[in-house]
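# Observations on chain architecture
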Amino acid sequence: VSKIDRAVLMDRTEFNKLLAAAKAASDKAALTDSVPKLGQITQGDYAATVSGENLTLKGDLAIRSLTDEPVAVELPFGRIGLTEILLDGKPAPANYSSSGRLVLVVSGTGAHKLTLQGSVKLTELSGGGMQFSLAIPAAVSGAMKLQLPGDQEAHANVPVADTKYDKQGDRT
């Protein structure tokens, strides 16, 4: 099965049951004055590699749940086709909410690991060069490592910590 043909979303009926349980847990927490956000992405580390006209993104996200009950955590990825989403090494219980947002349902107190993979098509600029645009979820901390073919100059709308050219591997 090609990456394009793989489904990464869970069955809609099962997902709706989990989402309802997460909403009930959230409502219960609000009634007991608990922390209003029961689940949060605490760390997001990404590796992006450009090859041809595509960018492949791999990510490891740390998620913290403050309850044993199901918790809905929005994953506001944008402009990327996700081909794999694993929670703690198993297919993630994720689907789109009624408002069209990708939502992950996490069960169990403590730390969880979300591993994902996806791809983005590069677009050619009229003045030369290629660009990509994507949205990733906000996290307390995180980093992205971008690898480009050849000796390239990269521009970003976020701070770039360091740029290095590997002459032997011919990658930036």
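Note: the structure precedes this text.
Residues numbered from 1 in each chain as written. Predicted model: local features only at pLDDT ≥ 70, side-chain atom pairs only at ≥ 80, totals over all residues. Heavy atoms only, no water.

## A few points about the pattern of salt bridges
Pairing between side chains becomes possible if they bear opposite charge and their charged atoms approach one another. Heads up, the condition is: A side-chain nitrogen of Lys or Arg and a carboxyl oxygen of Asp or Glu constitute a salt bridge if their distance falls within 4 Å. Helix numbers and strand numbers start at the N terminus; a helix is a DSSP run of H or I with at least 4 residues, a strand a run of E with at least 2. Three exposure classes are used, based on accessible area relative to the maximum for each residue type with a 1.4 Å probe and protein chains only: buried under 20%, partly exposed in between, and exposed over 50%.
Here the structure, examined in full by the defined rule, presents two salt bridges. A salt bridge links Glu74 to Arg101, with the nearest nitrogen and oxygen atoms 3.4 Å apart. Placement of Glu74 in strand β3 (residues 71-74) and of Arg101 in the loop between β6 (94-96) and β7 (102-106) is noted, with a sequence separation of 27 residues between them. By relative accessible area, Glu74 is classed as partly exposed at 41%. Among the salt bridges present, the one from Lys164 reaches Asp162, with a minimum N-O distance of 3.7 Å.

## Section: the nonpolar core
Our working definition: Side-chain atoms within 4.5 Å link the members of a nonpolar core, which is a set of buried Ala, Val, Leu, Ile, Met, Phe, Trp, Tyr and Cys residues. Residues are treated as being in contact if the distance between any of their heavy atoms lies within 4.5 Å.
In this structure, Leu55, Ile63, Leu75, Phe77, Leu82, Leu104 and Leu114 are the most contacted members of the largest nonpolar core, which totals 28 residues. Only β1 (39-51), β2 (54-65), β3, β4 (81-87), β7 and β8 (110-121) provide two or more residues apiece to this core. If we ignore the near neighbours within four places in the chain, the residues touching Leu114 are Gly59, Asp60, Leu61, Ile63, Leu75, Ile85, Leu86, Leu87, Ala92 and Leu104.

## Some thoughts on the sheet that holds β3
Stated precisely, the cut-off is as follows: Strands are labelled as partners when DSSP assigns at least two bridges between them. An axis is simply a line fitted to the C-alpha atoms; with a helix, the fit covers only the stretch in contact. Between two such axes, the angle follows the N-to-C directions and lies from 0 to 180 degrees.
Read across the open sheet, the three strands follow the order β3-β7-β6; overall the sheet is antiparallel. On the outer flanks of this sheet lie β3 and β6, each paired with one strand and no other. Neighbouring strand axes in the sheet, compared pairwise and without regard to direction, differ in orientation by 35° on average. Where β3 and β7 come together, four bridges link them in antiparallel fashion. In the strand pairing of β7, Val71 is matched with Val106.

## Focus: the sheet that holds strand β11 (residues 141-147)
Spatial strand order, β5-β4-β8-β2-β1-β11: six strands in an open sheet with mixed pairing. Of all strands in the sheet, those with a lone pairing partner are β5 (90-91) and β11, marking the two edges.

## Some words on unusual backbone geometry
One non-glycine residue, Arg79, lies in the positive phi region at around 60°. Position of Arg79 among the secondary structure elements: in the loop between β3 and β4. The phi torsion at Asp170 lies on the positive side, around 50°, for a residue other than glycine. Using a relative accessible area of 39% as the deciding quantity, one classes Asp170 as partly exposed.

## What about the environment of Thr123?
In this structure, Thr123 sits in strand β9 (residues 123-124). On a C-alpha basis, the gap between Thr123 and Thr163 in space is 22 Å, while along the polypeptide they are 40 residues apart.

## Structural notes on the pairing of β1
Pairing of β1 with β2 involves 12 bridges; the strand directions are antiparallel. The residue of β2 that forms the bridge with Gln40 is Arg64. Connecting β1 to the next strand, β2, in antiparallel fashion are two residues, including Gly52 with a positive phi near 65°. Of the strand pairs in this sheet, β1 and β11 are connected by seven bridges, and their pairing is parallel. Residue pairing across strands places Tyr46 opposite Met144, the latter belonging to β11.

## Description of the pairing of β2
Covered by surrounding structure in β2 are Leu55, Leu57, Gly59, Leu61, Ile63 and Ser65 only, the residues Asn54, Thr56, Lys58, Asp60, Ala62 and Arg64 on the alternate face being uncovered. Direction of pairing for β2 relative to β8: antiparallel, over a ladder of 12 bridges. Looking across to β8, one finds that Leu57 is bridged to Gly118.

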